[in-house]
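For reference, the chains in residue letters:
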Amino acid sequence: MSEIASQFKSEFLRQFAARGCLYDCTDPEALDALFARERVTGYIGFDCTAPSLHVGHALQIMTLRRLQQAGHKPIVVIGGGTTKVGDPSFRDEARPLLSEAQIETNKAAIRRTFEHFLTFGDGPSDAIMVDNAEWLDRLEYLPFLREVGRHFSINRMLTMETVKIKIDNDLPFSFLEFNYMIMQAYDFVELYRRYGCRLQSAGSDQWGNIVSGIDLGRRVENAQLFGLTTPLITTSSGTKMGKTMSGAVWLNPEMRSPYDYWQFWRNTEDGDVGRFLRLFTDMPEAEIARLETLQGAELNEAKKILATEATALCHGRAAAEDAAETARRTFEEGAAAEGLPTVEMDWSAGEVSGERGWTLRQADTIVKMSGLATSRSDARRKIGEGAVRINDVVITDWKKEFSVDQVDPQSGAFKVQYGKKKIVLVKPV
RNA sequence: GGGGGAAUGUCCCGAGCGGCAAAGGGGGCGGACUGUAAAUCCGCUGGCUUAGCCUUCGUAGGUUCGAGUCCUACUUCCCCCA
């Protein structure tokens, strides 16, 4: 795509392609001309299947950010309506229906994620956020079928990738899910009507749904709409990005602290540093080109920059720098730095009974309380692996007892460490 | 409507003569090696008050000293016939 990049006339597409964000788009020349000519309103939809978005969505959010930076107008569409239908594209199982209450909860939590990435407001290129439940909830079945349904060819829908996968593999595929693409197509048209929105962007797996919306727009509104997709990001060793550690890498600070988010980026593979800097930060190309040439251990400096820049976008500059500083003190000085994730532990209450209960707690209990182990058995297993340290001392016996006054005097907490990277302060209260 | 098959450790795939906490693989995590990287080798990958106990194999019953394994009903999914 980089040769094509230089051919674009519009600032937005040239930058977008040069950074490796562009996978495909409809009618490139016309879209390029549109971007060069006027302020374009574009949207991306986010469903509310979880109480937070994750790094897999980061590239989509960045796309909206770049639109805004180029002077265009981004719309964040929260999929309060489409989530009730459920996107069939991912799972090969029928996904469980979320309750409306659950969707509401998720929706509220997701909204906040965008605050650091985009500027919202009433200005011409200010971002706005809308919930597609606003129109989808109110659809009436028969009028909708007659207005919209007649434009959808079953013959053609059956040839679409996501549908074919279902059918070819004999996977369950309900009529409800089948309607997802129709809802998404209708969204696009509705956004065109309400906001003059001409562009929809998404990951490359959404291509079919985007094109459906464009077709529908032409048929019912005689509008020329455009689609733009971003590549699926994998790491250079071939795994899908972000599915590491203990599950998804959440963007919501309550679900993953800025410190842990920073760590996620800090642990980027060597071969991905330059690409990720282009995709996930605003760093200028010249600077990235320089950082990329660093060799061996020097590349760690580039990783720190990547971590801080990516974290700043998601959690704010101050939180990112705190995380960087905490990491520096922790890894480069070995100190039990304050910014480490901290959990409070009710020292006096609890399971240990009788005479010793009030002052002494066993190592396995402390590790469990830290959250680094999911259960006491898990804590014991991990201690058995020789991977657990408390106050920098390797624990080999899960029965080892600690008293309150053995906390690290600096932090007033136990520094509990699992492996080399996961450190939590456990503060007795 | 009729006939046949399938549901396994809640990350996934997948074995399982009636004695099973349940083979194997992927993924994930940890250790060694490094640079908080990759690759490679090794280990771990139900819970608890852990020489023991408890709960897991779609759901509910039943037969057995004992059931993931046999029987019955139900649920869901797939295939074939109509």
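Residues numbered from 1 in each chain as written. Chains lettered and ligands numbered in written order. Predicted model: local features only at pLDDT ≥ 70, side-chain atom pairs only at ≥ 80, totals over all residues. Heavy atoms only, no water.

Quick look at the domain arrangement of chain A
Stage number 1. Per the domain assignment, the segments making up chain A are domain 1 (2–230), domain 2 (258–332) and domain 3 (342–428).
Stage number 2. Centre-to-centre separation of domain 1 and domain 3, based on C-alpha positions: 47 Å. (Domains from an automatic or database assignment.)

Digging into empty space enclosed by the protein
Stage number 1. Considering all chains together, one arrives at four cavities of 30 Å³ or more under this definition.
Stage number 2. If you add up the space inside the largest cavity, you get close to 50 Å³.
Stage number 3. Taken together, Ala58, Met62, Phe117, Tyr261, Trp265, Phe280, Ala310 and Leu313 make up the full set of residues lining the largest cavity.
Stage number 4. Contributing elements (two or more residues each) for the lining of the largest cavity: α4 (58–69), α13 (258–266) and α16 (299–315).
Stage number 5. Here the lining of the largest cavity is composed, by residue class, of eight nonpolar, no polar and no charged.
Stage number 6. Among the domains, domain 1 (2–230) and domain 2 (258–332) are the pair contributing at least three residues each to the lining of the largest cavity. (1 Å grid on protein atoms, 1.4 Å probe; cavity = no way out; pocket = protein on both sides within 12 Å on 5 of 7 lines; lining within 4 Å. Points joined across faces, edges and corners; volume = space filled by probe spheres on them. Helix = DSSP H or I, 4+ residues; strand = E, 2+ residues; numbered from the N terminus. Nonpolar A, V, L, I, M, F, W, Y, C, P; charged D, E, K, R; others polar.)

Focus on the sheet that holds strand β2 (residues 41–47)
Stage number 1. Strands sit in the order β1-β6-β5-β2-β3-β4 across an open sheet of six strands; the sheet is mixed. Looking at strand neighbours, the two that pair on one side only are β1 (24–25) and β4 (128–131), the edges of this open sheet.
Stage number 2. In terms of strand pairing, β2 meets strand β3 (residues 73–79) through seven bridges, oriented parallel. Across the sheet, Phe46 pairs through a bridge with Ile78, a residue of β3.
Stage number 3. Each of β2, β3, β5 (199–203) and β6 (226–230) touches α4; the most contacted strand, β2, lies at about 160 degrees to it.
Stage number 4. Helix α11 (residues 180–195) contacts β2, β3, β4, β5 and β6 of the sheet and is inclined by roughly 145 degrees relative to β2. (Pairing = 2+ DSSP bridges. Contact = heavy atoms within 4.5 Å. Axes fitted to C-alpha atoms, helices over the stretch in contact; angles between N-to-C directions.)

What about a nonpolar patch on the surface?
Stage number 1. A cluster of nonpolar side chains, contributed by Tyr141, Leu142, Leu145 and Phe175, occupies part of the molecular surface with about 450 Å² of accessible area.
Stage number 2. Among the elements that line the nonpolar patch, the one with the most residues is helix α7 (residues 141–147), at three residues.
Stage number 3. Checked against the element boundaries, Tyr141 lands in helix α7.
Stage number 4. On the accessibility criterion, Tyr141 (54% relative accessible area) is exposed. (Patch = residues over 30% accessible without salt bridge, like charges linked within 9 Å, V, L, I, M, F, W, Y side chains within 5 Å. Areas by Shrake-Rupley, 256 points an atom, 1.4 Å probe, with all protein chains shown as cover. Salt bridge = Lys/Arg side-chain N within 4 Å of Asp/Glu carboxyl O. Buried < 20%, exposed > 50% of the residue type's maximum accessible area, 1.4 Å probe, protein only.)

Some thoughts on unusual backbone geometry
Stage number 1. Unlike most non-glycine residues, Asp27 shows phi in positive territory, near 40 degrees.
Stage number 2. Position of Asp27 among the secondary structure elements: in the loop between β1 and α3 (28–37).
Stage number 3. Although it is not a glycine, Asp392 sits at a positive phi angle of roughly 70 degrees.

Considering the nonpolar core
Stage number 1. Core analysis: the biggest nonpolar cluster contains 66 residues, and Leu31, Phe114, Leu228, Trp265 and Phe280 have the highest contact counts within it.
Stage number 2. The leading source of residues in this core is α16, at seven residues.
Stage number 3. If we skip the residues at most four places from it in the chain, Phe114 touches Phe46, Leu53, Ile61, Val76, Ile78, Phe120 and Met129. (Core = buried A, V, L, I, M, F, W, Y, C linked by side-chain atoms within 4.5 Å.)

Let's talk about the packing of α4 against helix α14 (residues 273–280)
Stage number 1. Close contact between α4 and α14 brings their axes to 9 Å; oriented N to C, the two are set at 50 degrees. Taken as axis vectors, α4 and α14 run oblique relative to one another. Here Ala58, Leu59, Met62 and Arg66 of α4 come into contact with α14, specifically with Arg278, Leu279 and Phe280.
Stage number 2. Its residues placed into classes, the contact of α4 with α14 shows five nonpolar, no polar and two charged. (Parallel < 35°, antiparallel > 145°, perpendicular 65-115°, else oblique.)

Quick notes on the protein's contact with RNA strand B
Stage number 1. In the vicinity of RNA strand B there are 30 residues, among which Asn267, Ser377, Arg380, Arg381 and Lys420 approach most closely.
Stage number 2. Among the atoms of RNA strand B lying within 4 Å of the protein, the sugar-phosphate backbone contributes 66%.
Stage number 3. Here Asn267 contributes a side-chain N or O atom positioned 2.5 Å from a sugar or linking oxygen of RNA strand B.
Stage number 4. Put simply, the parts of the chain that give the surface near RNA strand B at least two residues each are α13, α16, α17 (317–332) and α19 (376–384).
Stage number 5. It is α19 that provides the largest number of residues to the surface near RNA strand B, a total of four residues.
Stage number 6. Counted by class, the surface near RNA strand B contains eight nonpolar, ten polar and twelve charged residues. (Near = heavy atom within 4 Å. Polar contact = N/O pair within 3.5 Å; in protein donor to acceptor, adjacent residues only side chain to side chain.)

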